[in-house]
Amino acid sequence: MSDRLYIFDTTLRDGEQVPGCQLNTVEKIEVAKMLEELGVDVIEAGFPVSSPGDFNSVVEISKAVTWPTVCALTRAVENDIRVAADALQYARHKRIHTGIGTSDYHIRYKFNSTREEILERAIGCVSYAKKFVEDVQFYAEDAGRTDNEYLARVIEAVIRAGATVVNIPDTTGYCLPSEFAAKIRYLMEHVDGIDRVTIATHCHNDLGMATANTVSGIVAGARQAEVTINGIGERAGNTSLEEVVMTFRSHKELGIDSNVNATRLSGASRMVSSLMNMPVQPNKAIVGRNAFAHSSGIHQDGVLKNRESYEIIDPKEVGVDENSIVLTARSGRAALKHRLHVLGVELDKENLDKAYEAFLRLADRKKEINDDDVLMLAGKQNANHRIKLEYLQVTSGVGIRSVASIGLDIAGEKFEAAASGNGPVDAAISAIKIIIRRTMLVKEFLIQAINKGSNDVGKVHMTVEYEGQPYYGFSANTDIVAASAEAFIDAINKFVH
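To continue, consider the overall build of the protein. Per the secondary structure count, the protein includes 16 helices and 14 strands. In the protein, 65% of the contacts between residues at least 6 apart in sequence involve partners at least 24 apart. If you sum the accessible surface of the protein, you get close to 22,700 Å²; carbon and sulfur atoms cover 48% of it.

The next thing to look at is the sheet that holds strand β4 (residues 94-101). Read once around its circumference, the closed barrel built from eight strands follows the order β1-β2-β3-β4-β5-β6-β7-β8, with strand pairing classed as parallel. Each neighbouring strand pair of the sheet contributes to a mean axis angle of 25 degrees, computed without reference to strand direction. Sheet topology note: the β4/strand β5 (residues 135-141) ladder contains seven bridges and is parallel. Bridge pairing in β5 places Gly-99 opposite Tyr-139. Sitting on the sheet, helix α7 (residues 177-190) is in contact with β6 (165-170) and β7 (198-203), with an inclination near 155 degrees to β6.

Before going further, it helps to spend a moment on helix α9 (residues 241-250). Buried residues dominate α9, accounting for eight of its 10 residues. Residues of α9 that are buried: Leu-241, Glu-242, Glu-243, Val-244, Val-245, Met-246, Phe-248 and Arg-249. In this structure, the buried side of α9 is in contact with β1 (6-9), α1 (25-38), α8 (210-219), β8 (224-227) and α10 (265-275).

Here nine bridges tie strand β10 (residues 402-410) to strand β11 (residues 413-421), and the two strands are oriented antiparallel to one another. Within β11, the position partnered with Ser-402 by the bridge is Gly-421. Between β10 and β11, which pair antiparallel in sequence order, lie two residues; one of them, Ala-411, sits at a positive phi of approximately 55 degrees.

So, on to the nonpolar core. Side chains that are nonpolar tend, in soluble globular proteins, to be buried together. Formed by 92 residues in total, the largest nonpolar core has its most connected members in Ile-7, Leu-38, Phe-138, Ile-155, Val-166, Ile-168 and Leu-241. Examining the composition of this core, we find that nine residues originate from one element, helix α6 (residues 148-161), more than from any other. Dropping the residues within four chain positions of it, Ile-155 is found in contact with Phe-138, Val-166, Ile-168, Leu-187, Val-191 and Ile-194. One finds Ile-387, Ile-406, Ala-483 and Ala-485 within the second-largest nonpolar core, a separate group that totals 30 residues.

Quick notes on the rules
Residues numbered from 1 in each chain as written. Predicted model: local features only at pLDDT ≥ 70, side-chain atom pairs only at ≥ 80, totals over all residues. Heavy atoms only, no water. Helix = DSSP H or I, 4+ residues; strand = E, 2+ residues; numbered from the N terminus. Contact = heavy atoms within 4.5 Å. Areas by Shrake-Rupley, 256 points an atom, 1.4 Å probe, with all protein chains shown as cover. Pairing = 2+ DSSP bridges. Axes fitted to C-alpha atoms, helices over the stretch in contact; angles between N-to-C directions. Buried < 20%, exposed > 50% of the residue type's maximum accessible area, 1.4 Å probe, protein only. Core = buried A, V, L, I, M, F, W, Y, C linked by side-chain atoms within 4.5 Å.

Dropping the structure here:
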């Protein structure tokens, strides 16, 4: 059995299904190029039939990357497969990922079908995809809850139909690690021709066991791990790329390893977090900001004497530079540019100049500029909004009603308004509504402190409903009222054209 682990990254497909984390085509190309530099083997670029935007993203990613296989997802529907093949026309290495649900839950309630009909549809979709590409991957959706004997019948049939990779997803995150490993072993022992294909794992994190299930499946014989950067994905997320890669790199006795350049993991994590406006939890394994932090005196003493006392991974292995440049108000453009590069962000000269000016203003208000501050500044320069906040002045206090005066720049034209409200944020939003003149409802409002201290940057995530549709806004600022107004405006920019 090969000891080579293939990394199949689905950040741009399954990962992008997180509400509010959608990327445009330019951003997807940026992520795809990063994944190529990271060393992933397969990039699942999208679900082409789902929308013109997804179709175009698969086309452009196919043109943008050279070495990885570009994969497109389909259902067991001939039109899906034709559209995917068309989207992959420019890919140097192309794969169609097609399949159907195999659990009794899916067969009875989703498809209102029978096991025999599903078996025929599985064979049919693989046979049809084989007419367009040589590399066909089949997924047995909800395999985690599928009877092993029936699952083996389906997998054996699609291998005969020409599948080159068979994907065994724990779609609902239901399995225990021992149970998932036993499922992979059962297939290896009972499926004729299983040695001719690659077995893939695709595990979700509903019970917090996505990485454990993936690792168990690979140890049991799977050799492709379907993962996302930072473990993002629907519901509780997918298996985390960085966790799987570093698990096998740390356990060399298993003799299994990937081609991933681990020193780029931290930068990749930061890029995806920044582009998708989705903060990484501080205690996230491998890439969280506390992953290599030690606050306990006993731990600090142990690490100072010997790093391996409390660290099984050298931070430098995953791109965390312990001797990073400290940014202050006295730092120059070169220092800011270097830190952005380390974090996986590249700005052109004009945007770097703007980011540097904003950096100096922030550095005058803060004692220390951290990586999240830098990414926030870079993200603001990349924003191309029709509506921009010119100024905000708020009067607020105990025993008085809050009043906000606001100025907006809308496509170069200046507008001003004032309003009162139940607190400074409500007043600011009310003033914006006077100018915009649309019926909008704030459905979700989340404030998150990046670090500690009253002068630190706060992140605001906001969901705004307009004409029955949710739109997501994001901003960060040392002034939480300003951040709230900016997040509201960011959401409005998504539907005001």
